[in-house]
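One letter stands for each residue in the lines below.
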Amino acid sequence: MTGPRQACGRRSARRWTLLPGFVVLGALFLPPSTAGPTIKDETFITAETGGLLHIEAGECFTDPAYSPEAAEVIVLYTACKEQAANQSYGFVHAPDGDWDPAALTTFARESCRRGFDSNWSGESASGLDFYPVMPTRRTWADGDRDVMCVVYSPEGSMNGSALPLAGW
C-alpha cells in the first residue's frame, strides 16, 4: 500500500517528465528567428527541385517552398523587380565522367565563383553572394551536366536585378 507521500512523489515526477514536451510544444508558437543572414550553398536547391527547369539565365525566382497544388517543394519564377530571393546569372557545363559529388561540388563552386567575380567586384559585390545549383545522382545518370549559378542577398530579398548593366 502506498501512502500519500509516495503518490505525491509519483505525480511530481510525472510533471517533470512532461515538462520537456511542453517546452518543445511552446517553441512551435514562437516567431522564427531573424538572428542573421541566410547562407545558401550547393545543397540549398538541386536540379530536382520543382520549377527550376523553367528558370533561365538572368531570371529571378523564389526560395523553395512546399506547394499544395504541386504536392512538392518548388521554386517559382518571380520578376526581379518584385524583390526576388534569387537570380540565375549563368550556366556551366560539367565534364562527363562518373558521378563524383566532391569533384562536382569543387567544379561548380569554382566555376560559379569565376562568373560571380566577373560580374560583381568591389562595391557592386557588397551584400551579394552566390551558390551553385547542381545535378543530383539521378539527374547525372540521365545525362544532366548543367550547373546553374545563382546570386542572392544573404540579408533578404533583392531590390531588382542584381546583374550589372552591360554597356551602360
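Each remark here, short or long, concerns the structure printed above.
Residues numbered from 1 in each chain as written. Predicted model: local features only at pLDDT ≥ 70, side-chain atom pairs only at ≥ 80, totals over all residues. Heavy atoms only, no water.

Colleague: Run through the pattern of salt bridges, naming residues and quoting values.
Modeller: Under the definition given, this model contains five salt bridges. Note that Arg138 is salt-bridged to Glu48, the shortest N-O span being 3.1 Å. Of this pair, Arg138 sits in helix α3 (residues 137-141) while Glu48 sits in the loop between α1 (4-27) and β1 (60-61), placing them 90 residues apart in sequence. Given the relative accessible area of 49%, Arg138 is considered partly exposed. Arg145 is the salt-bridge partner of Asp96, the closest N and O atoms lying 3.1 Å from each other. One end of the pair, Asp96, is in the loop between β5 (86-93) and α2 (101-119); the other, Arg145, is in the loop between α3 and β7 (146-152), with 49 residues separating them in the sequence. Taking the relative accessible area as the measure of exposure, Arg145 reaches 11% and is therefore buried. (Salt bridge = Lys/Arg side-chain N within 4 Å of Asp/Glu carboxyl O. Helix = DSSP H or I, 4+ residues; strand = E, 2+ residues; numbered from the N terminus. Buried < 20%, exposed > 50% of the residue type's maximum accessible area, 1.4 Å probe, protein only.)

Colleague: Any chance you could break down the sheet that holds β7 for me, citing the residues and the numbers?
Modeller: Strand order in the open sheet made by the five strands is β4-β1-β5-β7-β6, with antiparallel pairing throughout. For this open sheet the edge positions go to β4 (77-78) and β6 (129-133), each flanked by a neighbour on one side alone. Of the strand pairs in this sheet, β1 and β5 are connected by two bridges, and their pairing is antiparallel. Across the sheet, residue Phe61 finds its bridge partner in β5, namely Asn86. Contacting β5, β6 and β7, α2 crosses the sheet at an angle of about 140 degrees to β6. (Pairing = 2+ DSSP bridges. Contact = heavy atoms within 4.5 Å. Axes fitted to C-alpha atoms, helices over the stretch in contact; angles between N-to-C directions.)

Colleague: Can you tell me about the nonpolar core, naming the residues and giving the values?
Modeller: Core analysis: the biggest nonpolar cluster contains 17 residues, and Tyr89, Phe116, Trp120, Leu128 and Val151 have the highest contact counts within it. Those residues within four positions of Tyr89 in sequence are excluded, and the remaining contacts are Gly58, Cys112, Gly115, Phe116, Asn119, Trp120, Phe130, Cys149, Val150, Val151 and Leu163. One finds Leu52, Ile55, Tyr131 and Met148 within the second-largest nonpolar core, a separate group that totals ten residues. (Core = buried A, V, L, I, M, F, W, Y, C linked by side-chain atoms within 4.5 Å.)

Colleague: Could you give an account of the state of the cysteines, with specific residues and numbers?
Modeller: Scanning the entire structure with this criterion turns up two disulfides. Between the sulfur atoms of Cys60 and its disulfide mate Cys80 the distance is 1.9 Å. Measuring the twist about the S-S bond at about 95 degrees, one finds the Cys60-Cys80 disulfide to be right-handed. Highlighted residues: Cys60 in strand β1 and Cys80 in the loop between β4 and β5, separated in sequence by 20 residues. Residues Cys60 and Cys80 agree in their burial class; the two are buried. The cystine pairing of the chain, numbering bonded cysteines in sequence order, is 1-2, 3-4. (Disulfide = S-S within 2.5 Å.)

Colleague: Which residues make up the side chain of Gln87, and what values do they have?
Modeller: Note on placement: Gln87 falls in strand β5. Polar contacts involving the side chain of Gln87 include one to the main-chain amide nitrogen of Ala162, which spans 2.7 Å. The contacts of Gln87, once residues within four sequence positions are left out, are Gly58, Glu59, Cys60, Phe61, Cys80, Cys149, Val150, Val151, Met158, Ser161, Ala162 and Leu163. (Polar contact = N/O pair within 3.5 Å; in protein donor to acceptor, adjacent residues only side chain to side chain.)

Colleague: I'd like to hear about unusual backbone geometry, residue by residue, with values.
Modeller: You will see that Ala71, though not glycine, has its phi angle at about 60 degrees, which is positive. Assessed through its relative accessible area of 53%, Ala71 is described here as exposed. The phi dihedral of Gln83 falls on the positive side, at around 55 degrees, and the residue is not glycine. Mapped onto the fold, Gln83 is located in the loop between β4 and β5. Its relative accessible area of 46% is what places Gln83 among the partly exposed residues.

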